[in-house]
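What the coordinates show
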Amino acid sequence: MAAPCSRMANRPLWRFITNVRRTGLKHTGVRQISLSSACRAATQTRSKTEGVPSPWKLYGAVCLQRLPVISQERNPIEDQFAELMHQMELERSLLSDHEQRLLEDSERMTRKQADNYDSDEEEADYGGQETITAQDQEDTWEQKLKHFQPALRDRDVGGTPLGSVERCLGDSLVLLVQQTVGKETIWLLPQAQWEAGETLRQTAERGLSSLPEADFKATFLGNTPCGVYRYTFPKEVRTERCVGAKVFFFKAFLSAGSASQKEPFLWVKKTELQRYLKPPYLEKVDRFILNL
Amino acid sequence: MFLSLMGVDGHVSQGPWFASVLTLKTSAPLRAEPKKKKKVDPRREQMVRERLKKKLKKLERVPPELIPIEDFTTPAKYMDETRVRGAPQLPFEESERRALLLKEWSRYKQTQHRAEMEAVGLAVEAQREALEELRLESEELYQAALRPDPLLFPFNHQGPSYTPPKAQYEAPEGKYNNITKVYTQ
């Protein structure tokens, strides 16, 4: 493994030198390297090893998320706090028009029932109209509310299948597909192998669009990968040229799309990922899938 | 009658006010010397005009009246004293419960914030590792990854609502009366 080691050592040095020359590139790991004899030797050796490709196969994968459609249910403590806030606001507020009307009506009732009631005086003030008290109005409104049937918030009561996009409207879901990698078919984020002449983001887009019988319209969030998963092939498959593979993940939000139910798609929440993904893969993927 | 009017010459002259048609009609003011135009006059008129203009400018220099912000003025009907709600007398248990609930809420929010910060930190770390690995692979892919995406912004997304949207729902068009006050400066 001498050749790869030296190549790995030389490549960063050359990269950093080119970094120093190029301005406008903000990279936290840049170190100021003075051109010493060692570096010159490195550049010479690097030019020899330019033609040898890296032993890692590159894949571009997409982490397609369907963002939540409805707001989440409140926790018990959130419920209590919301109630407390509402109560405190009510205590600190002024009386509304409706409440004033209620007070006036109740006062009028007490005056009517008193002994020295002068109906002419009262009706002169109000112009003799038929008065509907505010209390009556409140009662009619309450009756109407009882008859009203609001639509169900979460249509998931029946238990929609895991492959449907409509499940768990309050959480963000991630797309999983079943693909054959090596000898096994496993659940993973949709990926495609990198071909020369395209950027990794284009690889990921190709991986998404090449899914059979599904058209998802996604907005990719930038050109930068959000995570990487590196694994080495088992010994039988390993050769001089390919030691393993690196999968670069790109984030995308689902804007529109549909899929037939026949194909093996899964829309899972972050908590359900562990049922389907392998542990080392899950470890890397779990980090960049935010459940916020 | 005409014979008596005729003078020695035989001309008809009925006094100095009645000249014949053939002569030029001249009157005393017409026969006077022509008026001398004073050179100061146009200048005086100009001065008068300038003074008027200056007065107009002074009047116009008044700063424009500021448009009142209607949200900042409390309407008069809320300053009414009869609207004041009586301050409630809370029992001791109730005030205790409220204080404890507020403390629990602050603890809950603190744990939530910490979890959020941790999650974001992990995501940033994952991205940094990905860029490192990509760099080790190939420089041009790394540079392509670092380039900003011009098509990403402006980014629009409809946030979550309380109820899910109905499929094929057509909102009815309604009439409205716009009663906002429009001020001109």
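Looking at an unreviewed UniProt entry, chain B carries the name Large ribosomal subunit protein mL40, with the source organism given as Oncorhynchus tshawytscha. Taken from UniProt, the Subcellular location (unreviewed entry) comment for chain B reads in full: "Mitochondrion".

Here's the deal with the confidence of the model for chain A
Residue and element names in this part refer to chain A. Model confidence for chain A is summarised by a mean pLDDT of 77, while 73% of its residues fall at 70 or above. Highest mean pLDDT in chain A belongs to helix α3 (residues 76–92) (94); lowest belongs to helix α2 (residues 37–48) (43). Confidence over residues 1–49 falls short of pLDDT 50; this stretch has 40 contacts with residues more than four positions distant or in other chains.

Considerations on the pattern of salt bridges
Tallied over the entire structure, the rule returns 23 salt bridges over all chains. Residue A:D105 is joined to A:R108 by a salt bridge in which the shortest nitrogen-to-oxygen separation is 3.0 Å. Residue A:D105 and its partner A:R108 are both found in helix α4 (residues 97–113); the two are separated by three residues, about one turn of the helix. One exposure class covers both A:D105 and A:R108, and it is buried. For the salt bridge of B:E94 with B:R97, the shortest nitrogen-to-oxygen distance reads 3.2 Å. A residue pair is termed a helical-turn pair when its members lie 3 or 4 positions apart in one helix, as B:E94 and B:R97 do in helix α3 (residues 92–137) at three residues. Among the residues examined, B:R97 registers a relative accessible area of 41% and is labelled partly exposed. When salt bridges that share partners are traced, they join A:E91, B:E94, B:R97 and B:R98 into one network.

Things to note about the packing of aromatic side chains
Under the criterion given, the structure shown has eleven aromatic pairs over all chains. Ring geometry for A:F253 versus B:F155: centroids 6.1 Å apart, planes at 40°, classification tilted. Of this pair, A:F253 sits in strand β7 (residues 244–259) while B:F155 sits in the segment after α4 (139–146), each in a different chain. On the basis of relative accessibility, which here comes to 32%, the residue B:F155 falls in the partly exposed class. In textbook terms, an aromatic cluster arises when at least three aromatic residues are bridged by ring pairs, as seen for A:Y229, A:Y231, A:F233, A:F249, A:Y281 and A:F288.

Some words on the pairing of strand β8 (residues 265–268) of chain A
Residues and elements named next belong to chain A. Residues F265 and W267 of β8 are buried on one face, and the alternating residues L266 and V268, pointing to the opposite face, are buried as well. Relative to β8, strand β2 (residues 173–181) runs antiparallel, the two being bridged by four bridges. Its bridge partner being in β8, L176 is matched across the sheet by L266.

Side note on helix α2 (residues 40–60) of chain B
Working note: α-helix, 3.6 residues per turn, so residues spaced by three or four point in the same direction. A rise of 1.5 Å per residue sets the reference length of α2(B), with its 21 residues, at 30 Å; its end C-alpha atoms lie 30 Å apart and thus fit the reference within 8%. Taken across its 21 residues, α2(B) has zero buried, putting it largely on the surface.

Topic: a positive patch on the surface
Residues and elements named next belong to chain B. Judged by side-chain charge, R49, R51, K53, K54, K55, K57, K58 and R61 come together as a positively charged surface patch. Relative to the helices and strands, K54 resides in helix α2. K54 gets classed as exposed once you look at its relative accessible area, which sits at 59%.

Description of the confidence of the model for chain B
Residue and element names in this part refer to chain B. This prediction gives chain B a mean pLDDT of 84; 88% of its residues lie at or above 70. Mean pLDDT values for the elements of chain B range from 50 in helix α1 (residues 2–5) up to 95 in α3. On the interface metric, ipTM, the complex scores 0.71, and its pTM is 0.68.

Observations concerning the nonpolar core
Residue and element names in this part refer to chain A. Counting 53 residues, the largest nonpolar core has L176, F216 and F249 as its most contacted members. If one sorts the elements of this core by residue count, β7 sits on top with seven residues. Ignoring anything within four residues of it in the chain, the contact list for L176 reads W187, L188, L189, P264, F265, L266, V268, L273, Y276 and L277.

Quick notes on the packing of α4(A) against helix α6 (residues 134–147) of chain A
Residue and element names in this part refer to chain A. α6 packs onto α4 with a crossing angle of 125° between their chain directions and a minimal axis gap of 8 Å. The angle between α4 and α6 falls in the class oblique. On α6, the residues that touch H98, R101, L102 and D105 of α4 are A134, Q135, Q137, E138 and W141. The residue inventory of the contact of α4 with α6, partitioned by class, reads three nonpolar, three polar and three charged.

Basis of the calculations
- Residues numbered from 1 in each chain as written.
- Chains lettered and ligands numbered in written order.
- Predicted model: local features only at pLDDT ≥ 70, side-chain atom pairs only at ≥ 80, totals over all residues.
- Heavy atoms only, no water.
- UniProt positions renumbered as here; feature names shortened; annotations may be inferred.
- pLDDT = per-residue confidence, 0-100.
- Helix = DSSP H or I, 4+ residues; strand = E, 2+ residues; numbered from the N terminus.
- Contact = heavy atoms within 4.5 Å.
- Salt bridge = Lys/Arg side-chain N within 4 Å of Asp/Glu carboxyl O.
- Buried < 20%, exposed > 50% of the residue type's maximum accessible area, 1.4 Å probe, protein only.
- Phe/Tyr/Trp six-rings, centres within 6.5 Å; stacked < 30°, edge-to-face > 60°.
- Pairing = 2+ DSSP bridges.
- Expected span 1.5 Å × (residues − 1).
- Patch = residues over 30% accessible without salt bridge, like charges linked within 9 Å, V, L, I, M, F, W, Y side chains within 5 Å.
- Areas by Shrake-Rupley, 256 points an atom, 1.4 Å probe, with all protein chains shown as cover.
- Lys, Arg positive; Asp, Glu negative; His and termini not counted.
- Charge placed at Lys NZ, Arg CZ, Asp CG, Glu CD.
- Core = buried A, V, L, I, M, F, W, Y, C linked by side-chain atoms within 4.5 Å.
- Axes fitted to C-alpha atoms, helices over the stretch in contact; angles between N-to-C directions.
- Parallel < 35°, antiparallel > 145°, perpendicular 65-115°, else oblique.
- Nonpolar A, V, L, I, M, F, W, Y, C, P; charged D, E, K, R; others polar.

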